[in-house]
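Fold and geometry: a report
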Amino acid sequence: MWSLQIVGIELYRVFYFFIIYGLMGWIWESSYASLKERKLVNRGFLNGPIIPIYGAGAMLIYILFYNSKMLHLVEQASLKNYLLIFLIGMVAASVLEFVTSYVMEKMFHATWWDYSEIRFNIQGRICLLVSLCWGALSIVLVKLLHPMVSKLITFIPRQAGEVAAYVISVLFLTDLIITVAATVHLDKKINAVQRLREEVYEYIYGLKLYEARENLKRFMADFHLEELLYRGKQWYQALSAQWTGAGESLQRGIINPVSEHIDEIEAKAKAVLEKYKTIESAWLQKVIYKRIFKAFPNLRMDGREEALRDMKEHLKVQQGKKREQEKEEETEERK
């Protein structure tokens, strides 16, 4: 199997190039994000220490330059050759990044990275600054990294290397399948939360808390789902207090209906929270969601931003409750 040829390159070497460069990309991205956030961040789409786009990008550069027609650009050092490596690598890697962004957006209905705020970008998927970095990285790869990586692969005993390749393949594919499944599930969860928000929106609007739908939308955009109905209840309680001591006609016309709505809102809030519990995620899914949210802080789900925020806040609240419970258990054990 590992002796198969892919565009003239042995599958064994293709595999290890992909894994090693994917690992290097993970180290780079995670180190940068961890230093920036001042806490450990596991970057990348997968849970394991590999970022596939770096592995695929490095393999693309390798295939482009390490062939009979282009090898002279690598072997002969000249300003012209360096410039060609830079330009070809920049274009190839940028195309790969654009396609990856597009495919992931269509698969998971989410925007994973966005360069819209950086000048000279194309649909926010790629931008000139990052593309220039890809070009510079291409030179570093073919002139410095690849010779070292190639020697490293040669240094590994072939039989042991093939056995390790099978093990790594199983781990990588398992990680990929679990992550893709969890991400698809996340998309469904976000849709469910979004429908729940719309239900709450229609309910609150039906109570005539706001004269205009636009005002209500702004109100709902500012608060977490679980707060919305309780805030409606607080509004009614404040209104009730404002009219306390009013005349009998006002008492019948305002205070009594308000009291009825408070009970109604209380019941609705409980019903909403029960529905929210029905869309709870399994333990492993929660772990993956938390990691994805940390790895992609700018993750967007267009048209469902409030629902995404609800999911993030809900996970934070649950994590906080878990920590409190663990502290209480530790305190009990000490006693």
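Above this text you will find the structure in question.
Right, let's walk through the structure included here. (Residues numbered from 1 in each chain as written. Predicted model: local features only at pLDDT ≥ 70, side-chain atom pairs only at ≥ 80, totals over all residues. Heavy atoms only, no water.)

Further remarks concern the packing of aromatic side chains. When we look at a pair of aromatic rings, we describe it by the centre distance and by the angle of the planes. The final tally for this structure, using the stated rule, is 14 aromatic pairs. For the pair Tyr-62 and Tyr-66, a centre-to-centre distance of 4.8 Å together with 20 degrees between the ring planes defines the contact as stacked. According to the relative accessible area criterion, Tyr-66 is partly exposed, its value standing at 21%. Members of the aromatic cluster, connected to one another through ring pairs, are Trp-2, Tyr-12, Phe-15, Tyr-16 and Tyr-166. The ring centre of Tyr-82 lies 5.1 Å from the NZ or CZ of Lys-143, which sits over that ring. Lying over the aromatic face of Tyr-12, Arg-158 brings its terminal NZ or CZ to 4.0 Å of the ring centre. (Phe/Tyr/Trp six-rings, centres within 6.5 Å; stacked < 30°, edge-to-face > 60°. Buried < 20%, exposed > 50% of the residue type's maximum accessible area, 1.4 Å probe, protein only. Lys NZ or Arg CZ within 6 Å of the ring centre and 35° of its normal.)

According to the stated counting rule, one finds 6 salt bridges in the structure shown. Arg-125 is the salt-bridge partner of Glu-105, the closest N and O atoms lying 2.9 Å from each other. Taken together, the residues span a long stretch of sequence, with Glu-105 in helix H4 (residues 79–108) and Arg-125 in the loop between strand E3 (121–122) and strand E4 (126–127) at a distance of 20 residues. Of the residues examined, Arg-125 reaches a relative accessible area of 8% and is grouped as buried. It is possible to trace a salt-bridge network through shared partners that takes in Glu-10, Arg-158 and Glu-162. (Salt bridge = Lys/Arg side-chain N within 4 Å of Asp/Glu carboxyl O. Helix = DSSP H or I, 4+ residues; strand = E, 2+ residues; numbered from the N terminus.)

A few words on unusual backbone geometry. Backbone geometry places Arg-38, a non-glycine residue, at a positive phi of 60 degrees. One can find Arg-38 in the loop between helix H1 (11–37) and helix H2 (52–65). You will see that Gln-123, though not glycine, has its phi angle at about 55 degrees, which is positive. Counting through the fold element by element, Gln-123 comes out in the loop between E3 and E4. Here Gln-123 falls in the exposed class, since its relative accessible area comes to 58%.

With that settled, consider H1. Spacing of three or four residues puts side chains on the same side of an α-helix, whose turn is 3.6 residues. For H1, with 27 residues, the first-to-last C-alpha span of 38 Å sits near the 39 Å given by 1.5 Å per residue. Directly beyond the C-terminal end of H1, a positive phi value near 60 degrees is found at Arg-38. (Expected span 1.5 Å × (residues − 1).)

The next thing to look at is a nonpolar patch on the surface. A cluster of nonpolar side chains, contributed by Val-91, Val-95, Val-99, Tyr-102, Val-103 and Met-107, occupies part of the molecular surface with about 520 Å² of accessible area. If you trace the backbone, Val-99 turns up in helix H4. (Patch = residues over 30% accessible without salt bridge, like charges linked within 9 Å, V, L, I, M, F, W, Y side chains within 5 Å. Areas by Shrake-Rupley, 256 points an atom, 1.4 Å probe, with all protein chains shown as cover.)

Let us look at a negative patch on the surface. Among the surface-exposed residues, Glu-324, Glu-326, Glu-328, Glu-329, Glu-330, Glu-332 and Glu-333 lie close enough to one another that they form a single negatively charged patch. With respect to the helices, strands and loops of the structure, Glu-326 is situated in helix H11 (residues 305–334). (Lys, Arg positive; Asp, Glu negative; His and termini not counted. Charge placed at Lys NZ, Arg CZ, Asp CG, Glu CD.)

A cluster of basic residues, Lys-39, Lys-294, Lys-316, Arg-323 and Lys-327, forms a positive patch on the protein surface. Ranked by residues supplied to the positive patch, first place goes to H11 with 3 residues.

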